[in-house]
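One letter stands for each residue in the lines below.
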Amino acid sequence: MSDNVEVKTLVIDGHEVSARRGQTILEVARENNIDIPTLCHLDGLSDVGACRMCLVEIAGSNKLLPSCVATVSEGMQVSTSSERLQKHRRTILELLFAERNHVCSVCVANGHCELQSLGQSQGLTHVRLPYCNPELTVDASHERFTLDHNRCILCTRCVRVCAEVEGAHVWDVMGRGIKSMIISDLHEDWGSSSCTRCGKCVQVCPTGALFDKSKVGAEHPKYPDFLPYLNLMREAR
Amino acid sequence: MSQTITIDPVTRLEGHGKITIQLNGQGEVEDAHFHVTQVRGFERFAQGRPFYEMPSLMARICGICPVSHLIASAKACEAIMSVRIPHTAAQLRRMLNLAQMVQSHALSFFYLASPDLLLGMESDPATRHIFGVVGAKPELGRAGIALRRFGQHLIELLGNKRIHPGWVVPGGVTEPLSPAKRDEILSMIPEAYANVQLALAAYKQIADSFQPEIEVFANFPSLFMGLINEDESVEFTDGALRLIDARGNILDDGITASKFTEVIGEAVEPYSYTKFAYYKPLGYPEGCYRVGPLARLNIAKSMGTPLADKELVEFKQLADGPVQGSFHYHHARLIDMLYGIEKIEQILSDPLILDTHVRATAGVNRLEGAGQAEAPRGTLMHNYKVDENGLITWANLVIATGQNNNAMNKGVLQAARHYIKEGKFSEGILNRIEAVVRTFDPCLSCSTHAFGQMPLDITLISADGEVVDRVVR
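Residues numbered from 1 in each chain as written. Chains lettered and ligands numbered in written order. Predicted model: local features only at pLDDT ≥ 70, side-chain atom pairs only at ≥ 80, totals over all residues.

A. Highlighting the overall build of chain A. Across its full length, chain A holds six helices and ten strands. Scaling as 2.2 N^0.38, a compact globule of 237 residues should have a C-alpha radius of gyration of about 18 Å, and chain A matches this with 19 Å. Projecting the C-alpha coordinates of chain A onto the three principal axes gives extents of approximately 55 × 50 × 30 Å. Put simply, chain A has 237 residues, and 38% of those count as buried. Counted over contacts in chain A with a minimum sequence separation of 6, partners at least 24 positions apart contribute 63%. (Helix = DSSP H or I, 4+ residues; strand = E, 2+ residues; numbered from the N terminus. Rg over C-alpha atoms; globule rule 2.2 N^0.38 Å. Buried ≥ 20, exposed ≤ 12 C-beta atoms within 10 Å, placed from the backbone. Contact = placed C-beta atoms within 7 Å.)

What follows is the structure, given as structure tokens:
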């Protein structure tokens, strides 16, 4: 360990753990086998703290912090699964389900969807809010892939992987708030955009919003694990 | 004074419907209707979705016959892709469709119809159900449950799911058949044979006692339509449609899915959400026809399997020419089941059945496609139009129940006129009128359509009775 690494000690869910300065609470929790649910976070991509699933409580503060971007400090006391947090997480999921048209039974990602899995693991049994049922389009102009806005949760993983890893920055976000939409280039059809057809966005999409045209039914497992390896290999070069 | 008798809901059917019978001042039946009272919007909400999603989306229309929808839909998609699916995939789908026919017919015959047939039309309504049948005729009750399990389990073995298997996709199926699954299906077949033979023997014993019902249960001359192979044997999944008249003459033949809409039209009546299909050259309602087990057996020259062929010969002796009494749908249904089990056994002996090439791939090569198959209750047709990216712009489904709709309505009127005299009727008589509809085994939820805009008339009236405003759509 080099001299400039500063070690912080903190408590997560009653366990004393140590961390390096600058590490996020999420990183340290996972290193110590403490699970914090996430949705927009993906190992290998920068964090944006967008989905708020990873909120944690810090003793002495009323504010809930997104653990994917909040860094550790000395003596911090973190709680990751209080009743209050669980309630907030379920509410976030309800909002996501109510905002667009998520119909699991006919979705290509059925059984392989992170939103669906989180609904199950967080004990979501009902959506108490009225569904928005927005009329959204499907962009099937790409030769190999399809974008279904009905199933998009605006996690921006596709935007980040395209910009940070592929270096193409085809995807971006248009609009504000609930009206935000993922767009390719300057809001052109995906098929006529500058897409390199690498398919990384499809693999990192947590739902069935981005999918391979050759996959139908519930036959679309995704493999986002390639990202940390890809980054590691690039750093080694 | 005129009176309306309403039977709502009609029980032991798949879906929700009601019957109304209008009596005139003398208590005679003036008119009668079978209404399908629910509405589904599948053709509308398919719009904008990718075409390759259609089989799994459209199958959700029904929990009884999702396989028929999967197959008709996949075939329509394959017409859009312009591909021919691998032989093994076609055989596996054929087997899946037959498995569904067996389970659906078992449901129709044993669960829905047999309480009337085995316990009697006038028996106590409190026990006139499948549990009553199990109590009174345990061996037949068990046979019915076992046959339904046979079909459902076979669907699960092939498609990994009993209801709405995602295994059928445009281009074929997602995975081949494993030797272990083939052997398991083969091991189930002897019991299935025994059960269907038991039901056939039991039905033939009691059929004669229903002669009065046979005479008036939708018993009239009509056209018939169904799928057949080139050798004029019964077919459920491929082949082409043949239409015959009441005397058995061929009116139209070789009707492929793409030709279907050229010859078949759909009329709309104000009292039902189900459309009325008819043969265009004869117009509506003269061109109305019947589909389903009775039609298939009337049209086919053979079943193409030895045991069912023997039964077909016996069945054809019921009439000189096509059998017109709809009560005989029950009999035809049992022969269908026997054929299904035999055919499944035949398909499993196909040397290529375990082949692993089971899917063809392609993109959009045509902007319109249609596919047809036989659902247990009759011919089913899916027709889609897509844009150049493969998103659905228009969809139409012609369902077996819509094709039998005219015959069901005529049958209800025929039975009501026969049984209701001087405005008098009993529970047993109303049950007989419901039983007319049961012979067709209609699937009401599949068959409903919104046609155009719902009529709307809003009148705003002030406190002194003056019309302030009126909106009519």
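Still to come is the rest of the account.
B. Geometry of the overall build of chain B. Counting its secondary structure elements, chain B contains 16 helices and 16 strands. Its C-alpha radius of gyration of 23 Å places chain B within 12% of the 23 Å reference for a compact globule of 473 residues. Its C-alpha atoms put chain B at 75 × 55 × 40 Å along the principal axes. The proportion of buried residues among the 473 residues of chain B is 53%. Of the contacts made within chain B by residues no fewer than 6 positions apart, 71% connect residues no fewer than 24 positions apart.

C. Quick look at the interface of chain B and chain A. Taken together, the contacts link 16 residues of chain B with twelve residues of chain A. Split by residue class, the side of chain B that touches chain A holds six nonpolar, seven polar and three charged. (Nonpolar A, V, L, I, M, F, W, Y, C, P; charged D, E, K, R; others polar.)

D. Here's a closer look at helix H3 (residues 114-121) of chain A. All names here are of chain A. Among all positions in H3, only Glu114, Leu115, Gln116, Leu118 and Gly119 are buried. The elements touched by buried residues of H3 are helix H2 (83-99). After H3 finishes, the residue glycine 123 shows a positive phi value of roughly 70°.

E. Focus on the pairing of strand E6 (residues 223-228) of chain B. Residue and element names in this part refer to chain B. Taken across its six residues, E6 has six buried, putting it largely inside the fold. Of the two faces of E6, both are covered, the one formed by Leu223, Met225 and Leu227 as well as the one formed by Phe224, Gly226 and Ile228. In this structure, E6 lies alongside strand E11 (residues 289-290), joined through two bridges in parallel fashion. Counterpart to phenylalanine 224 in the pairing with E11 is arginine 290. Where E6 meets strand E7 (residues 240-244), five bridges bridge the pair, whose relative direction is antiparallel. When the sheet's bridge partners are listed, leucine 227 is paired in E7 with leucine 241. (Pairing = 2+ DSSP bridges.)

F. Region of the structure containing the packing of helix H6 (residues 138-159) of chain B against helix H7 (residues 179-207) of chain B. All names here are of chain B. For the pair H6 and H7, the least separation of the axes is 9 Å and the interaxial angle reads 150°. The angle between the axes of H6 and H7 places the two elements in the roughly antiparallel class. Of the two elements, H6 crosses H7, and the hand of that crossing is left-handed. Residues Glu139, Leu140, Ala143, Ala146, Leu147, Phe150, His153, Leu154 and Leu157 of H6 touch H7, and the partners they reach there are Lys181, Glu184, Ile185, Met188, Glu191, Ala192, Asn195, Val196, Leu198, Ala199 and Ala202. Grouping the constituent residues of the contact of H6 with H7 by class yields 14 nonpolar, two polar and four charged. (Axes fitted to C-alpha atoms, helices over the stretch in contact; angles between N-to-C directions. Parallel < 35°, antiparallel > 145°, perpendicular 65-115°, else oblique. Left-handed = near helix turned anticlockwise from the far one by under 90°.)

G. Looking closely at the nonpolar core. In terms of nonpolar packing, the biggest core is built from 199 residues, with Cys158(A), Val412(B) and Ala416(B) touching the most fellow members. If one sorts the elements of this core by residue count, helix H4 (residues 87-119) of chain B sits on top with 14 residues. Ala416(B) has contacts with Ile21(B), Val29(B), Ala32(B) and Ile433(B), leaving out every residue within four places of it along the chain. (Core = buried A, V, L, I, M, F, W, Y, C linked by C-beta atoms within 7 Å.)

H. Spatial organisation of the sheet that holds strand E10 (residues 210-212) of chain A. All names here are of chain A. Spatial ordering of the open sheet is given by E6-E7-E10, a layout of three strands whose pairing is antiparallel. Of all the strands in the sheet, the pair left with one neighbour each is strand E6 (138-139) and E10. Judged from the three bridges that link them, strand E7 (residues 145-148) and E10 form a sheet pairing that is antiparallel. Across the sheet, leucine 147 pairs through a bridge with leucine 210, a residue of E10.

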